[in-house]
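# Working through the structure, step by step
Here is how the chains run, residue by residue.
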Amino acid sequence: MMRARAGAVIGGGLVLIFASWLAGPVSAGTADVIHSSHNLSASGPGTVQSSETQVCIFCHAPHNVFPEVQPLWNRFLPVQSYNPYSSSTMKAAAAMPSQTSKLCLSCHDGTVALGQTITSGLITTTGALSPAKNLTTDLSDDHPVSFTLTNNGELSPNLFLSPPVTGDPTVKLRNGNVECVTCHDPHTPNLDPIAGMFLVRPNSNSAICLACHDPSRPQPNALNGWTSSAHRTSGNATAGGAMFGPYGDVASDACLNCHQSHNAPAGAAARLLRGPEEEACRQCHSGTNLSPAIADIMGEFSKTYSHPVITVTGLHDAAEDAFPLNGNRHSECVDCHNSHAASNTGGSNVPPALQSPLLGASGVDQATGAIALRPASNEYEICFKCHANSTNKPQDGAGYSVYGRTPVRLTFSRLADPNNVRLDFNTGLARHPVTQPRYLTAAATPSLRPAIVNLDGSTGRSLGPGTYIYCGDCHNNDRARGAGGTGPNGPHGSAYPHLLERRYEVENPPGNGVRYTGGTTGTYALCDKCHDITNSILQNRSFTSGSGHSMHIVEERTACSTCHAAHGIQGGGLAATTKSLVNFDTAIVRPSSSGLLLYLSTGTNSGLCFLTCHGENHNPYRYPNN
């Protein structure tokens, strides 16, 4: 009797010890396991079940049947080789899963039968892992595990302490490494009551992700700026489903708006994105799926003229830092926007400083065009990545006509890089004030308005002395709300050639202009945005020779572009021959009968021209007293 009671006590004690052990290494509760999909027994609630009545047996044995594996493991570990995650931005070497993560993979790589145990052999099960839970042996589309942490400037400094820890005590390393159980607690399915997924804690606002990925570290950390970014702060409700996180709004989904930890789709594995390139952005930025909806950026790329975001694929690499882009010219969303820092607030509305959607984006320096800036400080630095020193600018090759006709300027023949807009703007000669402030007086530019005229006729930003303009003041959506329109801002797409915000007609050779019309939709509306064509230029206040400008523009249908360059005039030369950005389009303007093709300013509102245009020989034409 006593022996029987003693045996019962000892047996009960073993049960308590085993149950207590189960609760040990991870936070568990046996009851939680019983009601989870990890219960493969007859009482299990998941899609995989068996006739077995014991719950723990599918993973654990009460005795040490697999001595080299802790804790008291009852499954054979996978022996297959894995294809681990790696990427160009992962500084650490790719690594095979350790024994710790193989405990999980013994079910979740699909190579070992779910009911295969050591002590009981194969227990027949019904059902199967869903594709989302079967990671397979190709782990290249899953968050890496078991790798040696490398301080890349973006990970939490806590990970490099001794001993290393994450920034959240509930998110634990194992033997100093990130393993499956760093994010997942296999015994407790609903510590995150919304996502479930056996997460070790609620991951709303990406709390688990941020335990290791630290946006507080300074630039060039690409995550810097996260706390005020639109993807961190927006309260717009999401549509839910497979392409969104589970938390219901952008701010709560946070990292999960764009990333997924497992089974990233083809073409998106390197950054664990929800889709390759712009597809990761499309779900929210196509005018649907959010409430309230946001601007339809993706629709802009279907306009007649657009950046080649949807037509060029597979060339962008997040690690690219060899600006300018030469051999792999491309334009993806992330080439201009840093999704971790872009916002709809903050930034600057005073050019050339960055506006909020461009915060955190990379660029190149103004002085050389060859020094990478992470981040850029000025808008033009972003544009210069492609439109400055790049040796394969599309204007230099065939096919650029899809963006509209490009004038061939008088100075081009003596320039090594005539389409380098950085050099155009950096010039000591005439230029628009993009990288240098406005330098001309009001008397020297009588047509210059005191402020920009918006698309709706309202008054925009000041054009006073010392001011700058953005590249985006000319190259922009033709309906940009920032310019008084109703559409999204930015040069994603436009109805006008060269992605111009407004109409800007050029002549086709040998000289075939269009009839002049005025206003914000007129033939030279882009120029009229800052230069008052009606009340100054057509009144011949600078071109003071009889009917000067008005005769050329209205009667001869001469385009502004026929005589004036748009960006600046690079290279050596005389200010007198390039004043007011005069740089003839040689496809339209030919030498005079004396063989000269030349403009020469002789003072304020006076000069002479040697040229032939529209059948008229100027040899020379003098103003104001021709």
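Residues numbered from 1 in each chain as written. Predicted model: local features only at pLDDT ≥ 70, side-chain atom pairs only at ≥ 80, totals over all residues. Heavy atoms only, no water.

### Some thoughts on the overall build of the protein
The cut-off we apply is this: The helix count covers DSSP runs of H or I at least four residues long, the strand count covers runs of E at least two residues long, and both are numbered beginning at the N terminus. Our radius of gyration looks at C-alpha atoms and nothing else; its globule reference is 2.2 Å times the residue count to the power 0.38. A simple rule labels every residue: compare its accessible area, found with a 1.4 Å probe on the protein chains alone, to the largest value its type can have, and call it buried under 20%, exposed over 50%, or partly exposed in between. Note on definitions: a residue-residue contact is assigned when non-hydrogen atoms from the two residues lie within 4.5 Å.
For the protein, the helix and strand inventory stands at 15 helices and 13 strands. Computed over C-alpha atoms, the radius of gyration of the protein comes to 33 Å, more than 25% over the 25 Å expected from 2.2 N^0.38 for 626 residues, which places it beyond the range of a compact globule. Looking at the protein residue by residue over its 626 residues, the buried ones come to 46%. At a minimum sequence separation of 6, the contacts of the protein that also span at least 24 residues come to 56%.

### Considerations on the environment of G466
Along the chain, G466 falls in the loop between strand 9 (459-462) and strand 10 (493-494). G466 sits in the partly exposed class, given a relative accessible area of 41%. Taking the C-alpha atoms as reference, G466 lies 8.9 Å from L440; in sequence the two are 26 residues apart. G466 has contacts with P437 and R438, leaving out every residue within four places of it along the chain.

### Here we look at the pairing of strand 9
Our working rule: Paired strands are those between which DSSP finds at least two bridges.
Looking at chain direction, strand 8 (residues 451-453) and strand 9 are connected through two bridges and run antiparallel. Paired with A451 across the strands is S462, a residue of strand 9. Hairpin connection between strand 8 and strand 9: a loop of five residues separates the two successive antiparallel strands, and G457 in this loop has a positive phi of roughly 90 degrees.

### A look at the pattern of salt bridges
To be explicit about the condition: The term salt bridge refers to a pairing of a side-chain nitrogen on Lys or Arg with a carboxyl oxygen on Asp or Glu at a separation within 4 Å.
All chains considered together, the criterion is met by 14 salt bridges. In this structure, the salt-bridge partner of E501 is R502, at a minimum N-O distance of 2.7 Å. When its relative accessible area of 1% is taken as the criterion, E501 is described as buried. In this structure, the salt-bridge partner of K529 is E501, at a minimum N-O distance of 3.0 Å. Note that K529 is positioned in the loop between helix 11 (525-528) and helix 12 (533-537) and E501 in the loop between strand 10 and helix 11, a separation of 28 residues in sequence. Shared partners join several salt bridges into a network, and the residues in it are E300, K303, D478 and R479.

### A few points about the sheet that holds strand 12 (residues 606-613)
Here is the rule: Comment: axis = line fitted to C-alpha atoms, over the contacting stretch for helices; angle = value between 0 and 180 degrees taken between N-to-C directions.
Read across the sheet, three strands follow the order 11-12-13 without closing on themselves; strand pairing throughout is antiparallel. With partners counted over all chains shown, the strands left at the sheet margins are strand 11 (598-603) and strand 13 (616-623), one partner each. The mean angle between the axes of side-by-side strands here comes to 10 degrees, regardless of whether they run parallel or antiparallel.

### Overview of the side chain of S206
Among the secondary structure elements, S206 is positioned in the loop between helix 4 (180-183) and helix 5 (230-233). Taking the relative accessible area as the measure of exposure, S206 reaches 0% and is therefore buried. Apart from the residues lying within four places of it in its own chain, the contact partners of S206 are S252, D253, A254, C255 and L256.

### Focus: the packing of aromatic side chains
Heads up, the rule is: Between rings of Phe, Tyr and Trp, where Trp is taken as its six-membered ring, a pair exists when centres lie within 6.5 Å; planes separated by under 30 degrees are stacked, by over 60 edge-to-face, and by other angles tilted.
Tallied over the entire structure, the rule returns three aromatic pairs. Aromatic pair Y380 and F384: ring centres 5.4 Å apart, planes at 40 degrees, arrangement tilted. Of this pair, Y380 and F384 both sit in helix 9 (residues 379-387), four residues apart, which is roughly one turn of the helix. Across this residue pair, the class does not change: Y380 and F384 are buried. Between Y516 and Y524 the ring centres are 6.1 Å apart and the planes differ by 20 degrees, which places this aromatic pair in the stacked class.

### Observations regarding the pairing of strand 12
Burial within strand 12 is extensive, with seven of its eight residues counted as buried. Here five bridges tie strand 11 to strand 12, and the two strands are oriented antiparallel to one another. Bridge pairing in strand 12 links Y599 to C609. Connecting strand 11 to the antiparallel partner strand 12 that follows it, the hairpin turn spans two residues, and N605 within it adopts a positive phi of roughly 60 degrees. Counted between consecutive antiparallel strands, the loop separating strand 12 from strand 13 contains two residues, among which H614 sits at a positive phi close to 50 degrees.

### What to know about the side chain of S494
Position of S494 relative to the elements: it lies in strand 10. When sequence neighbours within four positions are dropped, the list of residues in contact with S494 reads K303, T304, Y305, N476, D478, L499 and L500.

### Here's the deal with helix 3 (residues 99-108)
Residue pairs three or four apart in sequence face the same way in an α-helix, which turns once every 3.6 residues. What helix 3 keeps buried is the set S101, K102, L103, L105, S106 and C107. If you follow the buried residues of helix 3, they end up packed against helix 4. Among the residues trailing helix 3, G110 stands out with phi positive, at a value near 80 degrees.

### Digging into unusual backbone geometry
Outside of glycine, negative phi angles account for most residues, and trans bonds account for most peptide bonds. Going from S162 to P163, the amide bond is cis rather than trans, its omega being 0 degrees. Among the structural elements, P163 can be located in the loop between strand 2 (125-126) and helix 4. Omega for the bond connecting P351 with P352 falls within 30 degrees of zero, at 5 degrees, which places this linkage in the cis form. Note on placement: P352 falls in the loop between helix 8 (333-336) and strand 6 (363-364). Unlike most non-glycine residues, F198 shows phi in positive territory, near 55 degrees.

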